[in-house]
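The primary structure of each chain is shown beneath.
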Amino acid sequence: MRVTEIFCSLQGEAKAAGRVCTFVRLTGCPLRCHYCDTAYAFHGGEWTRLDAILARVEAFAARDVCVTGGEPLAQPNVAPLVCRLCDAGYEVSVETAGALDIRPIDARASRVVDIKTPDSGEAARNRWDNIEVLTDHDQLKFVICSREDYEWSKRRLAEITLPSGCIVWFSPSHGQITARDLADWIVADRLLVRFQLQLHKQLWGDAPGH
C-alpha cells in the first residue's frame, strides 16, 4: 500500500475525539474538495507491506487506530488492512469521503462516512447506497461551508433512515463559516446532530503528523 504517514496523536474528531490514536494516512484521493486540508496526501507516499504497517502501528502502543487519507478506500488492500487491525484487537475507525463503496470494509470498524455538501464541489460524488449498510457504530459527517450547505444537509437528513446508534456530525468548514454560526443554527432548529470542531486543528493547525 502507498502510505503518506503513520503517527500517534490525539484523535481530533468523531466519537473518539480526545483519545490517543495511531493514524495510518494512505496516499491518493479521487476527489478534490475545496476545503481539503490533507492535499499533501494526494501524491507520493511510500510503498509499504501490510506486515510493516501493522508493526509500526504496534510500536506506537495506542488502543485506537484511524485509517485515513486521502481516500483510503481508493487502495484495494485497505480492506485486508482494516480486517487485520480488527483481528489484532484495536478500536478501528476508517475515514472515507463517501464516494466509494464501504461494503468491503470490516463492519467491526467504525466507518466515518463524509457526505459531501454542494459547496465542497463534490456533492455529485456522494454514493447514497452506502447509507443502506451503515451500522449502529458507524458515523456520518457533514462539513458545512455556508447557510445553504446547512439547509441542504438538513433536507438530506430528513430523507434518509439511519440505525439508531449511528452518530451524525456537523462541522464548520474553517474560514468559511464561524463555529458559533453553525452552533446557533443547530440550536435554533433543535437539530438531532452533534456539533464538532476539529480538536487537532486547534492544537496543531494543519501541520502534518498531528
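Above this text you will find the structure in question.
Quick caveat, the model's predicted, so the values are computed rather than measured. (Residues numbered from 1 in each chain as written. Predicted model: local features only at pLDDT ≥ 70, side-chain atom pairs only at ≥ 80, totals over all residues. Heavy atoms only, no water.)

**What about the overall build of the protein chain?**
Thinking step 1. Helices and strands together make up the secondary structure of the protein chain, namely five helices and nine strands.
Thinking step 2. In terms of C-alpha radius of gyration, the protein chain reaches 16 Å, essentially the compact-globule figure of 17 Å for 210 residues.
Thinking step 3. Along the longest, intermediate and shortest principal axes, the C-alpha atoms of the protein chain span 50 × 35 × 30 Å.
Thinking step 4. When the 210 residues of the protein chain are sorted by exposure, 51% land in the buried category.
Thinking step 5. In the protein chain, the proportion of contacts linking residues at least 24 apart, taken out of those at least 6 apart, comes to 69%. (Helix = DSSP H or I, 4+ residues; strand = E, 2+ residues; numbered from the N terminus. Rg over C-alpha atoms; globule rule 2.2 N^0.38 Å. Buried < 20%, exposed > 50% of the residue type's maximum accessible area, 1.4 Å probe, protein only. Contact = heavy atoms within 4.5 Å.)

**What to know about the sheet that holds strand S4 (residues 64–68)**
Thinking step 1. Spatially, nine strands are ordered S3-S1-S2-S4-S5-S6-S7-S8-S9 in an open sheet, and the strand pairing comes out mixed. Only two strands of the sheet have a single neighbouring strand rather than two, namely strand S3 (46–47) and strand S9 (194–195).
Thinking step 2. Contacting strand S1 (2–10), strand S2 (20–26) and S4, helix H1 (residues 50–60) crosses the sheet at an angle of about 10° to S1.
Thinking step 3. Lying over the sheet, helix H4 (residues 179–189) contacts strand S7 (139–144), strand S8 (167–172) and S9, oriented at roughly 140° with respect to S8. (Pairing = 2+ DSSP bridges. Axes fitted to C-alpha atoms, helices over the stretch in contact; angles between N-to-C directions.)

**Focus on the packing of helix H3 (residues 147–159) against H4**
Thinking step 1. Contact geometry for H3 and H4: axes closest at 11 Å, N-to-C directions at 35°. The interaxial crossing formed by H3 with H4 has right-handed handedness. Contacts between H3 and H4 pair Arg147, Tyr150 and Lys154 from the former with Leu182, Trp185, Ile186 and Asp189 from the latter.
Thinking step 2. Grouping the amino acids of the contact of H3 with H4 by side-chain chemistry returns four nonpolar, no polar and three charged. (Left-handed = near helix turned anticlockwise from the far one by under 90°. Nonpolar A, V, L, I, M, F, W, Y, C, P; charged D, E, K, R; others polar.)

**Notes on the pattern of salt bridges**
Thinking step 1. In the structure shown here, the tally under the stated rule is 20 salt bridges.
Thinking step 2. With a shortest N-O distance of 3.9 Å, Asp101 and Arg127 are connected by a salt bridge. Of this pair, Asp101 sits in the loop between strand S5 (91–96) and strand S6 (110–115) while Arg127 sits in the loop between S6 and S7, placing them 26 residues apart in sequence.
Thinking step 3. The exposure class of Asp101 is partly exposed, given its relative accessible area of 25%.
Thinking step 4. Owing to a relative accessible area of 32%, Arg127 belongs among the partly exposed residues under this scheme. (Salt bridge = Lys/Arg side-chain N within 4 Å of Asp/Glu carboxyl O.)

**Considering the packing of aromatic side chains**
Thinking step 1. Evaluated as defined, the whole model comprises five aromatic pairs.
Thinking step 2. Here the aromatic rings of Trp128 and Trp152 are separated by 6.4 Å at their centres, their planes lie at 50°, and the arrangement is tilted. Taken together, the positions of Trp128 in the loop between S6 and S7 and Trp152 in helix H3 put the pair 24 residues apart, joining distant regions of the chain.
Thinking step 3. Geometrically, the ring pair formed by Tyr150 and Phe170 is edge-to-face, given 6.0 Å between the ring centres and 90° between the ring planes. One end of the pair, Tyr150, is in helix H3; the other, Phe170, is in strand S8, with 20 residues separating them in the sequence.
Thinking step 4. The exposure class assigned to Tyr150 is buried, which follows from its relative accessible area of 0%.
Thinking step 5. Judged by its relative accessible area of 0%, Phe170 falls in the buried class.
Thinking step 6. Each member of the aromatic cluster is reached from another via a ring pair, and the members are Phe142, Tyr150, Phe170 and Trp185.
Thinking step 7. The lysine or arginine in question, Arg32, covers the ring of Phe42, its NZ or CZ lying 3.7 Å from the ring centre. (Phe/Tyr/Trp six-rings, centres within 6.5 Å; stacked < 30°, edge-to-face > 60°. Lys NZ or Arg CZ within 6 Å of the ring centre and 35° of its normal.)

**Examining the nonpolar core**
Thinking step 1. Ranked by size, the top nonpolar core spans 42 residues in total, and within it Ile53, Leu81, Val82, Leu85, Phe142 and Phe170 carry the most contacts.
Thinking step 2. The biggest single contributor to this core is helix H2 (residues 78–87), with five residues.
Thinking step 3. For Phe170, the residues in contact, after removing those within four places along its chain, are Phe142, Ile144, Tyr150, Ser153, Leu157, Leu182, Ile186, Leu191, Val193, Arg194, Phe195 and Gln196.
Thinking step 4. Counting nine residues, the second-largest nonpolar core is a separate cluster that includes Cys33, Tyr35, Ala97 and Cys145. (Core = buried A, V, L, I, M, F, W, Y, C linked by side-chain atoms within 4.5 Å.)

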